Amino acid sequence: MKDQLELHKIEDSEEIVLRFFESRIQAGFPSPAQGMFGDTIDLNRELISNPAATFCARVIGNSMVDAGINNGDLLIIDKSLEPHDGDIAVCFIDGDFTVKRISVRSDGVYLIPANKQFPELHVSEESNFQIWGIVSHVIKSLTGG
Amino acid sequence: MYGLIDCNNFFVSCERVFNPALNGRPVVVLSNNDGCVIARSNEAKALGIPMGCPAFQIKEYTNPRQVVQLSARHIVYADLSHRIMSIMGCEVEGLEVYSVDEAFFRTPYDDVEQNHKFLARLVKKVHRYVGVPVSIGFAPSRSLAKIASHIAKKDRRITDGVYWLVRPEAIDIILRRTPIADVWGIGRRLAASLMGRGIDTAYKFAQMPSGLVRALYSVTAERTQRELRGEDCQVVNPVTIAHRSLMTSRTFGQLLTDRREVQDAIVHFAQSTSRRLRDEHQVATTVMTYVRGDHFREDLPYYSNSCEMRLHTPSSSAMTIVHYALVAFNAIFREGYGYRKAGVMVSGLTPESGVQLNVWDTEDHGRQRALMQAIDGINQRYSAHMVQLVPETSQHSWAPRQSHLAPPSRTLRIYTGLIDYES
C-alpha cells in the first residue's frame, strides 16, 4: 500500500472572514448563546503564517489515520519550518512523496506511520531522501462534501 | 552596491520542486508551441543540448530517452517566481524585478563581508522556503553584478551561491575572461561589430576610449562601458521595469509597533501606487504588501514577511489596490514586533486598454474608473491629498475613537463602496 500526495497551489485571492465564536465549546453541548460573537477570524491568516513558503496538498491513502490525517484531507505545508523530531512532514523518499512522522534515533532517521498496518521506514544512507516541508495544519471535511 | 539574484535553471528547478525524482537527471523544459528547449538542467547542459534546440533534434546530441522532456507550465513558474520575489522584496531595498527569474536590488551594507554573510543567508532562505536554488552576485554596478551572479552560478568552488566583484584587480581579471558577447546589454550585432575591431573581451571594451564608443555606437553602449568600469549608470531601462512592477515603500523614522500606524502607511503606499498606475495608464494583476523589522538591531526580535494577492481582474483603482494591500497586510502583521519598513508593490502590469474581464467579477469597473478620474482631477487641482481613501477597518475594532479630534482640514473621505462628506 502506498500513499500519494497531490500538491496544490494556494489560491490566495479571496479574503475569507468568519465570525469567531469566543467561548469554549464543551464537547456534546455547544451553546452558541453563551458567548459573545467576538473578533473576526481570517482563515488564511489563521492557517498560513508564511505565505511565500506555504503549500497545500491533498492526502491519498490511510497511513496516518491514527494521527488524524485521512484520505482526502488537505494538508497545509510550511517549508520555512525547521524539522524536529516528532514533526509530521511531507517527505520525498526514493521517488515518491509521503506524509509521515519524523523520528530521529541513534541509528538514523525513521519515518513512522500512524497506522499499524504500515511498517516503519528506516531512511538509509542510500535513500534518495528529502524532508520537503512540515505539515502545520490538517483541514478535514466532516460532512464528506 | 547592487546585487542580482538569479534563479538557477529556473523552469527545471521549478519542476524539481514538485518532483524531486528529477534531481540529478538530465531534464529539459520545452516551449508550448514549437517544442524547443527553453530550460536545461546542468546534466542536460553537460550532454551538449543547446538552448533553443527543437525537441526532435535532441537525438543528435544524446539518446533522447535519457532526457526527461517536460512541457512548460508557466503558471507554476510564475507562482514560484512571485514567492521568491516577495521574499526578496521584504529583505532588501530597491528590488527591480527584471524577469521571471532575475531581480536587481541594493545591498544593505557598505562592508563586503557583511553583505556576503547576509546574502548567503538569503540564498539559503529562498532555497528552503521555495525549493528553488538561486545565485547572487554583487558589485558597484548592475552590469558587474550580472557578471558576478553568472560566476556565482557556474563556479563549483563557490558553495554558498554568492560572488562579488568589488576590488578593481579582481574586476580586471574577470573582465579579461568574459567574452564580449556575454556582457549584459551588448546585443548580437554590437558584439559582432566589436569583435570585428578585435574587441573580444569585456576588458578590452572597458578600455576603449569612451568618446569612441559613443561616436561609433550609442550612448547606451557607452553607459554599459562605464558600468563595466564600476560606475553606476542605471542601465536598467526604467520603462521595462515599470512595465513589470511598481513599488512604493518607506523606511520609518522610528520602529513602529502600533498596528494602526503601520496600516495607515500601507493604505498610503497603496494609494500612491495606484495613482502611479493610473498616471502610466497601466493596470496591475497582483498586489504585494511587505513589512520588515530592523535587521541592524540585533537586540530585538526580527520579523519580516510578505504576502501577494492576485486580482480577479487587473485594476488600477485605488479602492481595489488598497483593499488587497490590506488583506495581505492583515495576513502578515504580527503584534509584538517593531517595524522599520513597509511597502506595497504591484506587478504583472499591462496597459489599461487590454484588460480582459473576468466572468465572475461583479465589480463595476466603469463606475470605479469614473470615480478615480474624478478623484485624480480634484487632487491635481487642489492638493495631492485632498481626497483620500480611508479603510473601513480604521473605524472599527482597534481604531481609537476619533470623535474628540479636531476636525481635519476639508477632506473628502471615501470608503470602499460608499461616499460620505466631512468638512
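How each quantity is defined
- Throughout this document, residue positions are counted from 1 along each chain, in the order its sequence is written.
- Here chains are named by letter from A upward and ligands by number from 1 upward, in the order in which they appear as written.
- At least 70 in pLDDT is required for a residue's local features to be given in this predicted model, at least 80 for side-chain atom pairs to be given and counted, and no such filter applies to totals for whole chains, interfaces and linings, which use all residues.
- The side-chain quantities take in all heavy atoms of the structure and omit both hydrogens and water.
- A pocket, in this scheme, is an open set of points on a 1 Å grid over the protein atoms alone with protein on both sides within 12 Å along at least 5 of 7 lines, while a cavity is a set where a 1.4 Å probe fits but cannot get out; residues line either one if an atom lies within 4 Å of a point.
- Grid points are joined across faces, edges and corners, and a volume is the space filled by probe spheres set on the points.
- Counting from the N terminus, the helices are DSSP H or I runs at least four residues long and the strands are E runs at least two residues long.
- Asp, Glu, Lys and Arg are counted as charged, while Ala, Val, Leu, Ile, Met, Phe, Trp, Tyr, Cys and Pro are counted as nonpolar; the rest, among them Gly, fall into the polar class.
- Pairs of N or O atoms are called polar contacts if they sit within 3.5 Å, as long as, within protein, a hydrogen donor faces a hydrogen acceptor (for residues adjacent in sequence, only side-chain-to-side-chain pairs).
- Contacts: residue pairs with any heavy atoms within 4.5 Å of one another.
- What pLDDT conveys is the predictor's confidence in a given residue, as a value from 0 to 100.
- When two components associate, each loses some accessible surface as probed by a 1.4 Å sphere; the sum of these losses over both components is called the buried area.
- By definition, a salt bridge exists where a carboxyl oxygen of Asp or Glu is found within 4 Å of a side-chain nitrogen of Lys or Arg.
- Throughout this description, buried means an accessible area under 20% of the type-specific maximum (1.4 Å probe, protein chains only), exposed means over 50%, and partly exposed covers the range between.
- Throughout, the arc means the angular range of directions from the helix axis out to the C-beta atoms.
- Any two strands with at least two DSSP bridges between them are considered paired.
- Angular values range over 0 to 180 degrees, each being the angle between N-to-C directions of two axes fitted as lines to C-alpha atoms, with helices fitted over their stretch in contact.
- Under this scheme an angle from 65 to 115 degrees is roughly perpendicular, one under 35 degrees roughly parallel, and one over 145 degrees roughly antiparallel; angles in between are oblique.
- In this scheme Phe, Tyr and Trp rings, the latter by its six-membered ring, pair at centre separations within 6.5 Å, and the angle between planes marks the pair as stacked below 30 degrees, edge-to-face above 60, and tilted otherwise.

(A) A look at the layout of surface pockets. Residues and elements named next belong to chain B. What the largest pocket holds in volume is close to 1,100 Å³. As for the largest pocket, its lining consists of 40 residues, of which N8, S13, H127, P133 and V134 are closest to the centre. Counting residues per element, the lining of the largest pocket draws most heavily on helix α4 (residues 112-130), at 7 residues. Broken down by class, the residue content of the lining of the largest pocket amounts to 14 nonpolar, 13 polar and 13 charged.

(B) Quick peek at the side chain of N115 of chain B. All names here are of chain B. Position of N115 among the secondary structure elements: in helix α4. Within the structure, N115 has its side chain in polar contact with the side chain of T107 (distance 3.4 Å). N115 has contacts with M1, T107, P108, Y109, D110 and F138, leaving out every residue within four places of it along the chain.

(C) Structural context of the confidence of the model for chain A. Of all residues in chain A, 70% attain a pLDDT of 70 or more, and the chain-wide mean is 78. The low-confidence segment residues 12-38 of chain A (pLDDT under 50) makes 40 contacts with residues lying over four places distant or belonging to another chain.

(D) Focus on the interface of chain B and chain A. With 32 residues of chain B in contact, the opposing surface of chain A contributes 26 residues. Here chain B meets chain A over a buried area of about 2,400 Å², counting both sides, of which 49% is carbon and sulfur. The largest contributions to the chain B side of the interface with chain A come from R83, R128 and Y129 of chain B, which together make up 25% of the buried area. Along the contact surface separating chain B from chain A lie 1 salt bridge. A salt bridge links E82 of chain A to R128 of chain B; the nearest nitrogen and oxygen atoms lie 2.8 Å apart. Scanning the region where chain B abuts chain A turns up 7 residue pairs in polar contact (both at pLDDT 80 or more). Of all the secondary-structure elements, those providing two or more residues to the side of chain B that touches chain A are α1 (10-18), α3 (74-91), α4, β11 (304-315) and α13 (318-332) of chain B. Of all the elements, β11 of chain B adds the most residues to the side of chain B that touches chain A, at 7 residues. Here the residues of the side of chain B that touches chain A are counted per class, giving 17 nonpolar, 9 polar and 6 charged.

(E) Up close: helix α6 (residues 168-177) of chain B. All names here are of chain B. Three or more residues of α6 are buried, namely A170, I171, I174 and L175. One side of α6 holds all its buried residues, which, seen down the axis, span an arc of 130°. Summarising the geometry of α6, the exposed residues directed more than 90 degrees from the buried face are P168 and R177. If you follow the buried residues of α6, they end up packed against α5 (142-154), β8 (162-164), α8 (202-207) and α10 (219-228).

(F) Region of interest: the environment of G72 of chain A. All names here are of chain A. Tracing the chain through its elements places G72 in the loop between β4 (54-60) and β5 (74-78). What makes G72 partly exposed here is its relative accessible area of 33%. Here the alpha-carbon distance between G72 and V138, two residues 66 residues apart in the chain, equals 10 Å.

(G) Fine view of the pairing of β5 of chain A. Residue and element names in this part refer to chain A. With 5 of 5 residues buried, β5 lies mostly within the body of the structure. In β5, alternate side chains face the same way, and those of L74, I76 and D78 on one face and L75 and I77 on the other are all buried. Across 5 bridges, β4 lies against β5 in antiparallel orientation. Looking across to β5, one finds that A57 is bridged to L75. Where β5 lies against strand β10 (residues 129-139), 5 bridges are found, and the strand directions are antiparallel. Looking at β10, one finds that L74 is bridged to I139.

(H) A look at the packing of α5 of chain B against α6 of chain B. Residues and elements named next belong to chain B. Put simply, α5 and α6 touch, their axes get as near as 12 Å, and they point 75° apart. One element, α5, and the other, α6, form an angle in the roughly perpendicular class. Each of L144, I147 and I151 in α5 lies in contact with α6, whose residues at this interface are I171, I174 and L175. When grouped by side-chain class, the residues that make up the contact of α5 with α6 number 6 nonpolar, no polar and no charged.

(I) Quick peek at the sheet that holds strand β5 (residues 93-99) of chain B. Residue and element names in this part refer to chain B. Overall, mixed pairing links the 5 strands, which are arranged β5-β6-β1-β7-β8 in an open sheet. At either margin of the open sheet sits one strand with a lone partner, and together these are β5 and β8. Between one strand axis and the next, the sheet turns through 20° on average, direction left out of account. One ladder, built from 6 bridges, connects strand β1 (residues 2-7) with strand β7 (residues 134-139); its direction is antiparallel. Residue I5 lies in a different strand from β7, and its bridge partner there is I136. Against the sheet, α4 makes contact with β6 (102-106), β7 and β8, and its axis sits at roughly 160° relative to β7, the strand it touches most.

(J) Region of the structure containing the packing of aromatic side chains. Residue and element names in this part refer to chain B. Throughout the structure, instances matching the rule amount to 16 aromatic pairs over all chains. A centroid spacing of 6.0 Å and a plane angle of 75° characterise the contact between Y109 and F118, whose relative ring orientation is edge-to-face. With respect to burial, Y109 and F118 carry one shared label: buried. Note on F138 and W164: the rings are 5.9 Å apart at their centroids and 25° apart in plane angle, and the pair reads as stacked. On the criterion of sequence distance, the pair formed by F138 in strand β7 and W164 in strand β8 is long-range, its members being 26 residues apart. Looking at W164, the relative accessible area reads 27%, which means it is partly exposed.

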